[in-house]
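Single-letter residue listing:
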Amino acid sequence: RRWMNSKDTIDQLKGLQGVEVVEVKSFDVSIEEQCGHFYDADIMVMPHGAALANALCSRPESAIVEIMKKCYTYDELWFHAITDALALSHSVVECKEKSGENETISADDVVEHVRLLLPSVRRRLQSAASR
């Protein structure tokens, strides 16, 4: 899945201080590379779908911002149970519009979710590293 205004979102995320954005297209890299990117990331931003299985490679205490169609509800989905079991923070941004298989999100909403998550995720990761 992809969202129509992903470039706008990525550009805005690159503007956040102290944030490095790595764009990964899972079909372009090996499974090992995908896992490496997830392990190295503090916060992953991605659309709802099978690629979320890469969360299994994430470090505990990191976070995932999931972009989801408006027709789903949080309680209907299984992914939050996985993130809870893996000690990951999980945040959902709902798409605003849909045109075929392409979805539009508010880049501002995604950036706000990341901005709010970043301090607590970094504190938890530092605490986990010092154990």
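Preceding this section is the structure that the text describes.
Residues numbered from 1 in each chain as written. Predicted model: local features only at pLDDT ≥ 70, side-chain atom pairs only at ≥ 80, totals over all residues. Heavy atoms only, no water.

**Brief notes about the sheet that holds strand S2 (residues 43-47)**
Here is step 1: Ordered in space as S2-S3-S4, the three strands form an open sheet in which the pairing is parallel. Each edge of the sheet is formed by a strand with only one pairing partner; in this case those strands are S2 and strand S4 (89-94). In this sheet, neighbouring strand axes are inclined to one another by 20 degrees on average, regardless of whether the strands run parallel or antiparallel.
Here is step 2: Inspection of the sheet shows strand S3 (residues 63-68) paired to S4 by six bridges, in the parallel sense. Residue pairing for S4: Ile64 is matched across the bridge by His90. (Pairing = 2+ DSSP bridges. Helix = DSSP H or I, 4+ residues; strand = E, 2+ residues; numbered from the N terminus. Axes fitted to C-alpha atoms, helices over the stretch in contact; angles between N-to-C directions.)

**With respect to unusual backbone geometry**
Here is step 1: Unusually for a residue other than glycine, Glu61 sits at a positive phi of about 85 degrees.
Here is step 2: Here Glu61 lies in the loop between S2 and S3.
Here is step 3: Located in the positive-phi region is Ala87, a residue other than glycine, with phi close to 60 degrees.
Here is step 4: Assignment of secondary structure puts Ala87 in the loop between helix H3 (79-85) and S4.

**Section: a nonpolar patch on the surface**
Here is step 1: A surface patch of nonpolar side chains, amounting to about 320 Å² of accessible area, comprises Leu56, Trp78 and Ile82.
Here is step 2: Considering the arrangement of structural elements, one finds Leu56 in the loop between S2 and S3.
Here is step 3: Judged by its relative accessible area of 64%, Leu56 falls in the exposed class. (Patch = residues over 30% accessible without salt bridge, like charges linked within 9 Å, V, L, I, M, F, W, Y side chains within 5 Å. Areas by Shrake-Rupley, 256 points an atom, 1.4 Å probe, with all protein chains shown as cover. Salt bridge = Lys/Arg side-chain N within 4 Å of Asp/Glu carboxyl O. Buried < 20%, exposed > 50% of the residue type's maximum accessible area, 1.4 Å probe, protein only.)

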